[in-house]
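As a plain string of letters, each chain reads:
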Amino acid sequence: NDVSEAVEALIANDIIPNVHAYANHDNDVFRREQLYTEQTEDAILKYEKSLREIYRVYSANDDDALSGKGSVMSLPEWTRLLTDAGMIDSHFTKREMKLCFLWSTMFVTDEVRRRSKMVSMSFVDFLEGIGRIAVFKPLPTEEDYMELFKTSEGSVDVNDCAHF
């Protein structure tokens, strides 16, 4: 009978059931079930010093003039990091890279006044982004390893592993 009921019905019956699963993504499910675990914490703590340095170096560019050099990481800085690390490939595309960035940033209630928080990652957000990449990136299969050993005649250079 009123517009609010019509809007609710439209969203519940027509939009939500028909959009891609990524559009209905609940960030907190990943956090609860995979990120906030003792094993993940141990892995992060083991490499914390290196991760902080990577974050510091790549967040220092301030490519968008919004994030403030070194204080937060922008999407262009995140993109540069993952490109330099050779992470973008057929299994982990620029689309997944952007989703990991967006899903890892904390929700902002006022996107006008708090725009820089909406378009950038804190160090904690960065750690979550790394965790999300780990879920997207497949581990090499046994066939991948066999092919690597076959083509390298049993001697493997670490640099050859980057494409797997």
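Residues numbered from 1 in each chain as written. Predicted model: local features only at pLDDT ≥ 70, side-chain atom pairs only at ≥ 80, totals over all residues. Heavy atoms only, no water.

(A) Just the nonpolar core, in detail. Within the largest apolar cluster, 17 residues are counted, with the highest numbers of intra-cluster contacts made by M73, W78, L82 and F126. Top element by residues in this core is helix α8 (residues 123-136). It accounts for four residues. (Core = buried A, V, L, I, M, F, W, Y, C linked by side-chain atoms within 4.5 Å. Buried < 20%, exposed > 50% of the residue type's maximum accessible area, 1.4 Å probe, protein only. Helix = DSSP H or I, 4+ residues; strand = E, 2+ residues; numbered from the N terminus.)

(B) Layout of the pattern of salt bridges. The full count for this structure, using the stated rule, is six salt bridges. For R56, the salt bridge identified is with E53, shortest N-O distance 2.6 Å. Note that R56 and E53 are positioned in helix α4 (residues 48-59) at a spacing of three residues, about one turn of the helix. Judged by relative accessible area, R56 falls into the partly exposed class, the value being 46%. Between R132 and E128 there is a salt bridge; the shortest N-O distance is 2.8 Å. Residue R132 and its partner E128 are both found in helix α8; the two are separated by four residues, about one turn of the helix. The exposure classification of R132 matches that of E128, with both residues buried. Three or more residues are tied together by salt bridges with common partners; here these are D28, R31, E128 and R132. (Salt bridge = Lys/Arg side-chain N within 4 Å of Asp/Glu carboxyl O.)

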